[in-house]
Amino acid sequence: GNSVTQMEGPVTLSEEAFLTINCTYTATGYPSLFWYVQYPGEGLQLLLKATKADDKGSNKGFEATYRKETTSFHLEKGSVQVSDSAVYFCADFTSGTYKYIFGTGTRLKVLA
Amino acid sequence: DVKVTQSSRYLVKRTGEKVFLECVQDMDHENMFWYRQDPGLGLRLIYFSYDVKMKEKGDIPEGYSVSREKKERFSLILESASTNQTSMYLCASSLRAGTGGAGYTFGSGTRLTVV
């Protein structure tokens, strides 16, 4: 079945550092891909998405490009802030199904 | 914005109790979901519902049941709570199948501790 694999955390960075969190998927067909963020004590929020190959999703300075040839959807940000400290989840959704497949999450800690 | 509201942020229950976790969404979404979140395991789907009175088992349904009598409300029931059900429970909703590009909307979660 489908699966989503994320790099293991925690990832610890200094403020203004460059961030990459890797995500790969194994879905058959043509899934839509998502990044969700969970701030401490809260539920998940949709951060960005891409619905077809070569699409780039972006929000709040974060970007991710849907790369079909490498089945990847890596999350990047050029300059992280302390307020970006959270857990980040990669997910896919295949049309015709009811549910998303989530990765296990990557915790990001940004130090001032 | 769609809102998904979970009735409790924190719950403490005793082993063997029957526990109800309630979730309400206000945007007429067809699909609703219950996940549990545990460190190192990510999100695991317990049950989902794609219509009133309809339900489907997810990946870890054992020890749980659900009820969806109205479109906006989806309840998770722990028939006899056990300590291994101590977890964060997340409710989510989405538009009907085939419109997955819209993503899920999540509630804030209920942290359940079974003692």
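On a predicted model such as this, the values are computed, not experimentally measured, just so you know.

> In this structure, what is going on with the overall build of chain A? I would like to understand it.
A count of helical and extended segments in chain A gives zero helices and 12 strands. Along the chain direction, N to C, the helices and strands of chain A fall in the order β-β-β-β-β-β-β-β-β-β-β-β. For chain A, whose C-alpha radius of gyration is 13 Å, the value lies close to the compact-globule estimate of 13 Å for 112 residues. With respect to the three principal axes, the spread of C-alpha positions in chain A is 45 × 30 × 20 Å. The buried share of chain A, reckoned over its 112 residues, is 45%. A sequence separation of at least 24 residues applies to 55% of the contacts in chain A between residues at least 6 apart.

> Hey, could you run me through the state of the cysteines in this one?
Think of a disulfide as a covalent bridge from one cysteine sulfur atom to another cysteine sulfur atom. The final tally for this structure, using the stated rule, is two disulfides over all chains. A sulfur-sulfur distance of 1.9 Å marks the disulfide that ties Cys23 of chain A to Cys90 of chain A. For the disulfide bridge between Cys23 of chain A and Cys90 of chain A, the dihedral angle about the S-S bond is near -70°, and by the sign convention the bridge is left-handed. Of the two residues, Cys23 of chain A sits in strand E4 (residues 23–25) while Cys90 of chain A sits in strand E10 (residues 86–93), which places them 67 residues apart along the sequence. Each of the two residues, Cys23 of chain A as well as Cys90 of chain A, counts as buried. Note on cysteine connectivity: Cys23 of chain B is disulfide-linked to Cys91 of chain B, with sulfurs 1.9 Å apart. On the sign convention where negative is left-handed, the bridge of Cys23 of chain B and Cys91 of chain B, at about -80° about the S-S bond, is left-handed. With Cys23 of chain B in strand E3 (residues 19–25) and Cys91 of chain B in strand E9 (residues 87–94), the pair connects residues that are 68 residues apart, well separated along the chain.

> Just to check I follow, could you spell out the confidence of the model for chain A for this structure?
Caution applies to low-pLDDT regions: their predicted coordinates should not be interpreted in detail. Of all residues in chain A, 96% attain a pLDDT of 70 or more, and the chain-wide mean is 91. Averaged over each element, pLDDT in chain A is lowest for strand E11 (residues 100–102) of chain A (87) and highest for strand E9 (residues 75–77) of chain A (98).

> I would appreciate a short explanation of the interface of chain A and chain B in the present structure.
Interface extent is often summarised as the accessible area lost during association of the parts. Counting residues at the interface gives 22 residues for chain A and 24 residues for chain B. Between chain A and chain B, a total of about 1,700 Å² is buried, with carbon and sulfur atoms accounting for 60% of that surface. If you look at where chain A meets chain B, you find zero salt bridges. Along the contact surface separating chain A from chain B lie five residue pairs in polar contact (both at pLDDT 80 or more). Put simply, the parts of the chain that give the side of chain A that touches chain B at least two residues each are strand E5 (32–38), strand E6 (44–50), E10 and E11 of chain A. Residue contributions to the side of chain A that touches chain B peak at four residues, all from E5 of chain A. Here the side of chain A that touches chain B is built from residues that sort into nine nonpolar, 10 polar and three charged.

> Is there a simple way to explain the sheet that holds strand E3 (residues 19–21) of chain A in this structure?
Note: strands within a sheet are paired through backbone hydrogen bonds, in either parallel or antiparallel orientation. Residue and element names in this part refer to chain A. Read across the open sheet, the four strands follow the order E3-E9-E8-E7; overall the sheet is antiparallel. Pairing within the sheet leaves two strands with one partner each, and these edge strands are E3 and strand E7 (56–59). If you compare each strand with its neighbour and ignore which way they point, the axes differ by 20° on average.

Calculation notes
- By convention here, each chain's residues receive numbers from 1 onward along its written sequence.
- Chain letters start at A and ligand numbers start at 1, both assigned in the order the entries are written.
- Side-chain atom pairs in this predicted model are given and counted only at pLDDT of 80 or more, local residue features only at pLDDT of at least 70, and totals for whole chains, interfaces and linings cover all residues.
- Side-chain measures here rest on the full set of heavy atoms in the structure, leaving out hydrogens and waters.
- A helix here means a DSSP run of H or I that spans at least four residues, while a strand means a run of E at least two residues long, and both kinds are numbered starting from the N terminus.
- For a compact globule the rule gives 2.2 Å times the number of residues to the power 0.38, and the radius of gyration it is set against comes from C-alpha atoms.
- The classification of residues rests on relative accessible area computed with a 1.4 Å probe and restricted to protein chains. Under 20% of the type maximum is buried, over 50% is exposed, and intermediate values are partly exposed.
- Throughout, a contact is declared for two residues whenever any of their heavy atoms are within 4.5 Å.
- The criterion for a disulfide is a pair of cysteine sulfur atoms lying within 2.5 Å.
- As a per-residue measure, pLDDT tells how confident the predictor is, with possible values from 0 to 100.
- The quantity reported as buried area is the accessible area (1.4 Å probe) lost by two parts once they are put together, taken as the sum for both.
- A pairing counts as a salt bridge when a side-chain nitrogen of Lys or Arg comes within 4 Å of a carboxyl oxygen of Asp or Glu.
- Any pair of nitrogen or oxygen atoms within 3.5 Å is treated as a polar contact; in protein, a donor-acceptor pairing is required on top of that, and neighbouring residues in sequence qualify only through side-chain atoms on both sides.
- Polar here means any residue outside two lists: the nonpolar Ala, Val, Leu, Ile, Met, Phe, Trp, Tyr, Cys and Pro, and the charged Asp, Glu, Lys and Arg; Gly therefore counts as polar.
- At least two DSSP bridges between two strands are required for those strands to pair.
- Axes here mean lines fitted to C-alpha atoms, for a helix over just the part in contact, with angles spanning 0 to 180 degrees between N-to-C directions.

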